[in-house]
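Descriptive analysis of the structure
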Amino acid sequence: MSLTVVDPSNAPSFTQQPQSQSVKAAQPVQFSAMVVGMPVPTLQWQRSIDGANTWHAVVNGGSISGAGTASLQIGAATISMTGQRYRLNAVNSAGGATSQAALLTVEPVDIPLSWTGSAAITYGQALGGGQLNANSGGVPGDLVYTPPPGTVLPAGSHSLLVAFTPTDTNTYSATNRMVQLTVNRAPLTIRANDQSRPFGQSNPVFTIGYAGFVNGDSTNALVSPATPSTTATASSPLGSYPILLGGGSADNYTITRINGTLTVSYTHLTLPTKRIV
């Protein structure tokens, strides 16, 4: 009679593979697998950060636990973890097996960045808190505006951009918003100054007054100059004649023209006096 000894041991094999996971930053992640074997296999999760070229054992610590079990727990995923791959290695005296790799994708948490812009402003008003007022919804970070505060924009429609860089780049990613701002033309009054002259003389050189220039502008802001003129000539009879303004335009101003008045008056003569003895 012979005795046959049956070895009950068998190498590990996987009955459930770990699955790839896609989560938002700061959310927990779990990779799980099911493995059988006799004796009970020793388990070890491994991680690759270079596209599965090299693998290293996962170590418990921080937000990571279960590195030596069938279920690996990551308490809070970070953006820097995206692209990492995880697999489970199982070994016993009968052999070993390695699971398929599972990919981790971590998407940034949406930043509640809001910016409604502002009502139209008038040329000459510098950009400030009334226009550059984006809100990051309490997420700490830096708001950078283009154009920056203090900029005086020309009249017209403009795109304003804000770029937000979060302090916590493990959870949030940089984002931006754009709004439109209308800059209306500023009011500018051009007035022909009133003048006078004696009858029979040539018209004087007419002068013009301006009211409403902003932002350090002067007549160089005019695309075309205003020109005063009158119908009165040296032989025109006594009376008042309009000094008419023609021309005068500017990209950043809405112009109001006010005519002046030329008054032609008597000529005052000084006669020599004769002494009476």
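A few points on the structure. (Residues numbered from 1 in each chain as written. Predicted model: local features only at pLDDT ≥ 70, side-chain atom pairs only at ≥ 80, totals over all residues. Heavy atoms only, no water.)

1. Brief notes about the overall build of the chain
A count of helical and extended segments in the chain gives 0 helices and 22 strands. Taken over the C-alpha trace, the chain has a radius of gyration of 43 Å; the compact-globule value for 277 residues is 19 Å, which it surpasses by more than 25%. The principal-axis extents of the C-alpha atoms in the chain amount to approximately 185 × 30 × 25 Å. Counting every position in the chain, which comprises 277 residues, the buried fraction comes to 31%. Of the contacts formed within the chain by residues at least 6 apart in sequence, a portion of 59% connects residues at least 24 apart. (Helix = DSSP H or I, 4+ residues; strand = E, 2+ residues; numbered from the N terminus. Rg over C-alpha atoms; globule rule 2.2 N^0.38 Å. Buried < 20%, exposed > 50% of the residue type's maximum accessible area, 1.4 Å probe, protein only. Contact = heavy atoms within 4.5 Å.)

2. Some thoughts on the pattern of salt bridges
Where side chains of opposite charge bring their charged atoms close, a pairing between them can arise. The final tally for this structure, using the stated rule, is 2 salt bridges. Here lysine 24 makes a salt bridge to aspartate 110, at a shortest N to O gap of 3.5 Å. Taken together, the positions of lysine 24 in strand S2 (residues 21-24) and aspartate 110 in the loop between strand S11 (102-107) and strand S12 (121-122) put the pair 86 residues apart, joining distant regions of the chain. Looking at aspartate 110, the relative accessible area reads 61%, which means it is exposed. (Salt bridge = Lys/Arg side-chain N within 4 Å of Asp/Glu carboxyl O.)

3. Quick look at the pairing of strand S4 (residues 34-38)
What you see with S4 is a clean split: Val35 and Gly37 sit on the buried side and Met34, Val36 and Met38 on the side with no burial. Here strand S1 (residues 10-16) pairs with S4 via 4 bridges, running antiparallel. Across the sheet, the residue bridging to glutamine 16 is methionine 34, located in S4. (Pairing = 2+ DSSP bridges.)

4. Some points on the nonpolar core
Counting residues in each nonpolar core, the largest one holds 34 residues, and the members touching the most others are Trp115, Leu127, Leu160, Leu181, Tyr253, Ile255 and Leu262. For this core, the element with the highest residue contribution is strand S16 (residues 186-192), accounting for 4 residues. Apart from the residues within four sequence positions on either side, leucine 160 is in contact with Trp115, Leu127, Leu132, Thr146, Pro147, Leu153, Arg177, Met178, Val179 and Leu181. With 24 residues, the next largest nonpolar core counts Ile74, Ile79, Tyr86 and Ala97 among its residues. (Core = buried A, V, L, I, M, F, W, Y, C linked by side-chain atoms within 4.5 Å.)

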